[in-house]
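For reference, the chains in residue letters:
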Amino acid sequence: MGVTPARAALLLLPVIYLGFISLGLPDGSLGVAWPRMHRDLGLPIGLAGLIVAVGTVLSAAAAFSSGKIIARFKTGPVVLVSCALTGSAMLIVSQAQGLSWLLVAAVPIGLGAGAVDASLNGYVARHYRGRHMNWLHACWGIGAMCGPLVMARLLGTPSGWRVGYFAIGTAQLALAAIFLCTLRLWDKVPERTTADSDGAGASQPPAASANSPAGWLSAAIFVIYVAVETTAGLWAGSILVVSRGIAQESAAICVAAYYGSITGGRIFFGWVVERWGNRRLINVGTSLALLGTVVFAFAHTSTLAALGLVLLGLGFAPVYPCLMHEVPKRFAPEAVQTVIGRQSGAAAIGASSLPAAAGWLAGVSLESIAWILIAGVVGLIAAIRRLNRIT
């Protein structure tokens, strides 16, 4: 291909965005389809947790291993194979006849999702500016919203969830075909230099290694962040309906506003991150998130609850993408993909740990979850400040 590096970067960017939309498509689809799936397949309703756990563990394993995998095979082929694995697994689900089919499909879904997440985060951090990292994660939000909508729409057809998973799987395989056609572009995009860095602190030379205290602290931060983000989204509705007596429809709107503010916030912050810088935007975001958790903890009306969740969502919006994009400025070049892979794997651990623990606490006191969210954000702020001091 006679394509210049600048043109390659421009042509590849929408493909990368599509990759993260595809990553979000399966998320939430099982939750929409499961009430009918478990009846059609004659399975206990509680088995959804086992299926999600298998996928989460494998996703974390793939993310943790991404540094070595990408060093050997490079980003483009890894993303291509991972997307093909995920799409094929969705087609398996569409034909499932029992639990064994779903568990078999969970293996490529988990491995593929973990590899795509770590690979694309690492590639964008090394090759594109901060605005694109924020918009990349906004694309995940678009996919996460579209997947359940597609599934809900198709559940009304005679084939129900089967045609829903077939449609999502076909979309994933179509994207894999696009990755195949653009495979040569991945090696043509130049890496960012220090002069290309966003915001303040660009002159600081990256020095920390992947196995330094900073390398492991960065992973711990992702456990905390994703644990709090997921717990808020999973349990806010129950707190409002069961503990505070708010109508279920109003609670649903509050939770939707939370996820909408994360996606909308990432689109907005993409425009200002290059002027503010990753670290300043993270500090502003975590402060806003702390305010949101406090408002939510004391909210006994749907209006105040929505305000608290919107503040929390807006505050959380820049944290994940900006922490990812800051990695090349904190760590030595050879450590970047390893650190990003660990962060992606740690995110999967966070998504499966605190929400489950909160489920146990819900049987004792739903309101305690609101205070755990506050403690989690305080811990997140302290950990990020420590990381900033040592990198």
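Counting of residues starts from 1 at the beginning of each chain's written sequence and follows it residue by residue. Side-chain atom pairs in this predicted model are given and counted only at pLDDT of 80 or more, local residue features only at pLDDT of at least 70, and totals for whole chains, interfaces and linings cover all residues. Computation of side-chain values: all heavy atoms of the structure, hydrogens and water removed.

Enquirer: Looking at this model, I keep getting lost on helix α4 (residues 66–73). Mind explaining?
Expert: It helps to recall that an α-helix has 3.6 residues per turn; residues three or four apart then point in one direction. Inspection of α4 places Ser66, Gly67 and Ile70 among the buried residues, and these make up the whole buried set. Looking straight down α4, one finds its buried side chains confined to an arc of 100°; they lie on one side. Opposite the buried face of α4, at more than 90 degrees from it, the exposed residues are Lys68, Ala71 and Arg72. Trailing α4 by a residue or two, Lys74 shows a phi angle of about 75°, which is positive. Using a 1.4 Å probe on the protein chains alone, a residue whose accessible area is under 20% of its type maximum counts as buried, one over 50% counts as exposed, and one in between counts as partly exposed. Where helices and strands are cited, they refer to DSSP runs of H or I of at least four residues and of E of at least two residues respectively, numbered from the N terminus. By arc we mean the arc of the directions from the helix axis to the C-beta atoms, nothing more.

Enquirer: For this particular structure, what's the right way to read a nonpolar patch on the surface?
Expert: Only residues whose relative accessible area exceeds 30% and that take part in no salt bridge are eligible for patches, with like-charged residues grouped when within 9 Å of each other and nonpolar side chains (Val, Leu, Ile, Met, Phe, Trp, Tyr) grouped when within 5 Å. Where accessible areas are quoted, they stem from the Shrake-Rupley method and a 1.4 Å probe; at the residue level, only the protein chains shown are allowed to cover. Between Lys or Arg on one side and Asp or Glu on the other, a salt bridge is scored when a side-chain nitrogen of the former is within 4 Å of a carboxyl oxygen of the latter. A contiguous nonpolar surface patch, about 250 Å² in accessible area, is contributed by Ile92, Trp101 and Val104. Relative to the elements of secondary structure, Val104 occurs in helix α6 (residues 99–127).

Enquirer: For this particular structure, what's the right way to read unusual backbone geometry?
Expert: For residues other than glycine, phi is negative in most cases, and the peptide bonds are mostly trans. Even without being a glycine, Lys74 presents a positive backbone phi close to 75°. Positionally, Lys74 belongs in the loop between α4 and α5 (75–94).

Enquirer: What exactly am I supposed to notice about the nonpolar core here?
Expert: In globular proteins that are soluble, nonpolar side chains generally tend to be buried together. By size, the foremost hydrophobic cluster in this structure holds 90 residues, and its most contacted members are Leu12, Ile16, Tyr128 and Phe316. It is helix α9 (residues 213–243) that provides the largest number of residues to this core, a total of 13 residues. Contacts of Ile16, omitting those with residues within four sequence positions, involve Leu120, Tyr123, Val124, Tyr128, Leu136 and Trp186. Counting residues in hydrophobic clusters, the runner-up holds 22 residues, among them Met37, Leu43, Ala48 and Trp161. Each nonpolar core is a collection of buried residues, namely Ala, Val, Leu, Ile, Met, Phe, Trp, Tyr and Cys, held together in the definition by side-chain atoms within 4.5 Å. Any two residues having at least one pair of non-hydrogen atoms within 4.5 Å are treated as being in contact.

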